[in-house]
Amino acid sequence: MKLGAIEAGGTKFVVCIGDEFGNVIERDSFPTETPEETMANIFKFFDGKDIEALGVGCFGPIDPDLNSPTYGYITTTPKPGWGNFNIMGALKERYDIPMGFDTDVNGAALGEAYFGAAKGLDSALYMTIGTGIGCGAIVEGNLVHGLLHPEMGHMNMIVREDDTYAGKCPFHGTCFEGLAAGPAIEARWGKKGFELPADHPAWDLEAYYIGQALATYVLVISPKKIILGGGVSKQKQMFPLIHKYLREFLNGYIQKDEILTDKIDDYIVSPALGDNAGVCGALALAKQALEK
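What counts and what doesn't
Sequence order as written defines residue numbering, which begins from 1 separately in each chain. Per-residue local features of the predicted model are confined to residues with pLDDT of at least 70, and side-chain atom pairs are confined, for both listing and counting, to 80 or more; whole-chain, interface and lining totals are unaffected and use all residues. As a convention, hydrogens and water are excluded, and side-chain values are obtained from all of the structure's heavy atoms. Here a strand is any run of E in DSSP of at least two residues, a helix any run of H or I of at least four, and the numbering for each starts at the N terminus. Here the term buried applies to any residue with accessible area under 20% of the maximum for its type, exposed to any over 50%, and partly exposed to those in between, with areas from a 1.4 Å probe on protein chains only. By definition, residues are in contact when any of their heavy atoms lie within 4.5 Å. Those domain boundaries reflect an automatic or database domain assignment. Buried area is understood as the total, over both parts, of accessible area removed when two parts are fitted together, assessed with a 1.4 Å probe. Whenever a carboxyl oxygen of Asp or Glu lies within 4 Å of a side-chain nitrogen of Lys or Arg, that contact is scored as a salt bridge. Each polar contact in these results corresponds to two N or O atoms within 3.5 Å; when the atoms are within protein, one needs to be able to donate a hydrogen and the other to accept it, and residues that are neighboring in sequence are counted only if both atoms are side-chain atoms. In this classification, Asp, Glu, Lys and Arg are treated as charged, Ala, Val, Leu, Ile, Met, Phe, Trp, Tyr, Cys and Pro as nonpolar, and every other residue, Gly included, as polar. The span expected for a helix works out to 1.5 Å for each residue beyond the first. Axes, fitted as lines to C-alpha atoms, cover a helix only where it is in contact. Angles between the N-to-C directions of the axes lie from 0 to 180 degrees. For classification purposes, angles smaller than 35 degrees are called roughly parallel, those larger than 145 roughly antiparallel, those between 65 and 115 roughly perpendicular, and all remaining angles oblique. Pairing between two strands requires that DSSP report at least two bridges joining them. Directions are taken from the helix axis to each C-beta atom, and the arc is the one they span.

Draft legend 1. Structural view of the side chain of threonine 75. With respect to the helices, strands and loops of the structure, threonine 75 is situated in the loop between strand E5 (73-74) and strand E6 (85-86). Classification of threonine 75 as buried rests on a relative accessible area of 16%. In this view, threonine 75 contacts Pro61, Ile62, Asp63, Gly83 and Asn84; residues no more than four positions away in its chain are not counted.

Draft legend 2. Layout of the domain arrangement of the chain. One can read the domain layout of the chain as domain 1 (2-104 + 275-291) and domain 2 (117-270). For domain 1 versus domain 2, the distance between C-alpha centres works out to 26 Å. The interface is formed by eight residues belonging to domain 1 together with seven residues belonging to domain 2. Of the roughly 640 Å² buried between domain 1 and domain 2, counting both surfaces, carbon and sulfur atoms make up 56%. Inspection of the region where domain 1 meets domain 2 yields one salt bridge. At the surface where domain 1 touches domain 2, the tally comes to three residue pairs in polar contact (both at pLDDT 80 or more). Breaking the side of domain 1 that touches domain 2 down by element, the ones donating at least two residues are strand E7 (99-103) and helix H10 (277-291). The residue makeup of the side of domain 1 that touches domain 2, split by class, is five nonpolar, one polar and two charged.

Draft legend 3. Focus on H10. Its 15 residues place the ends of H10 21 Å apart at the C-alpha level, agreeing with the 21 Å of an ideal helix rising 1.5 Å per residue. Burial analysis of H10 places 12 of its 15 residues in the buried class, which makes it a mostly covered element. Of the residues making up H10, those classed as buried are Ala277, Gly278, Val279, Cys280, Gly281, Ala282, Leu283, Ala284, Leu285, Ala286, Lys287 and Ala289.

Draft legend 4. Fine view of the packing of helix H3 (residues 104-115) against H10. Look at H3 against H10: their axes get within 7 Å of each other, and the N-to-C directions meet at 80 degrees. Here H10 runs roughly perpendicular to H3, going by the angle between their axes. On the side of H3, the interface is formed by Gly107, Ala108, Leu110, Gly111, Glu112, Tyr114 and Phe115, while H10 contributes Ala277, Cys280, Gly281, Ala284, Leu285, Lys287, Gln288 and Glu291. Along the lines of polarity and charge, the residues of the contact of H3 with H10 split into eight nonpolar, four polar and three charged.

Draft legend 5. A look at the sheet that holds strand E4 (residues 53-58). Taking strand neighbours across the sheet as the criterion, the five strands line up as E3-E2-E1-E4-E7 in an open arrangement whose pairing is mixed. Unpaired on one side and paired on the other, strand E3 (24-31) and E7 mark the two borders of the sheet. Each strand of the sheet is rotated relative to its neighbour by a mean of 15 degrees, with strand direction disregarded. Pairing between E4 and E7: five bridges, direction parallel. Each bridged residue has a counterpart across the sheet, and for glycine 57 the counterpart in E7 is aspartate 102. Packed onto the sheet, H3 meets E4 and E7 and runs at close to 110 degrees relative to E7.

Draft legend 6. Fine view of the pattern of salt bridges. A complete count under the given rule lists eight salt bridges for this structure. A salt bridge links aspartate 204 to arginine 160, with the nearest nitrogen and oxygen atoms 2.8 Å apart. With aspartate 204 in helix H6 (residues 201-220) and arginine 160 in the loop between strand E10 (142-143) and helix H4 (176-180), this pair connects stretches of sequence that are 44 residues apart. For aspartate 204, a relative accessible area of 23% translates into the label partly exposed. Classification of arginine 160 as buried rests on a relative accessible area of 17%. Of the charged contacts in the structure, one is a salt bridge between lysine 234 and aspartate 275, with a shortest N-O distance of 3.2 Å.

Draft legend 7. Geometry of helix H2 (residues 87-94). Every buried residue belonging to H2 is among Ile87, Met88 and Leu91, and all of these are buried. When H2 is viewed along its axis, its buried side chains cluster within an angular range of 90 degrees and face the same direction.

Draft legend 8. Molecular detail of the sheet that holds strand E9 (residues 133-139). The strand order E10-E9-E8-E11-E12 describes an open sheet built from five strands, whose pairing is mixed. Only two strands of the sheet have a single partner each, and these edge strands are E10 and strand E12 (268-269). Relative to strand E11 (residues 226-229), strand E8 (residues 124-129) runs parallel, the two sharing four bridges. Along E11, the bridge assignment pairs leucine 125 with isoleucine 226. The sheet strands contacting H3 are E8, E9, E10 and E11, and the helix crosses E9 at an angle near 45 degrees. Each of E8, E9, E11 and E12 is contacted by H6, which is oriented at about 155 degrees to E8, the strand it contacts most.

As structure tokens, then:
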């Protein structure tokens, strides 16, 4: 199969040609500008490539409901110019091929299930922590959708007693994203996360919120694998702290070796696909669309 993939991010778009095994053959990226400029760059990359299907993992919120009149739209995003933009309509007008469309994190979850750390499992959670926090979930072999799609980065949190930060989220203040995404780290400490040393107190606080969130996800979704992506998760010193806080919040309620023993190192992992998790996820969406 010759498949096309788009990882549509609020900061940049990544486009690639790949195959059904998740191999990336050709790749490019460009800044997220206006929809008109960005779509022109997409068309320039894919025109004449004779791809059989196209997958799009997109920043959101989006409408992934095939039966909805606004299917394929980016909906209420604060990204200037992109609110209520029909991205799939623009692509379908250009290319008459099967297409898959989902959130970027759902796509990454599917990519890790097809090609990466969750291969062979029918249940997994993928979390990315960067400019925002998003989670994609696979339950019993299917990506989770419903009224909309998972927005697990926006659940309210128990604020730690020593944390006086008011929260960055314009909708919810001290939700998970408002307390732990990259902009919150910078606002709280005056530096971007990658500028902070490994022993900075920021990472213990960050692990506290991640561990708390993961405890909730374990209780609600019960994933067989948790994959932590995004820039913040590259701070490897945080993983033992995340394990500690996850166990504290569960408080012995979940009696599974994956939580209670050193098997946790294989339960909470980094993406096996690395920085290709997003585009490989979009390849998986394209493969799924072609097979359907």
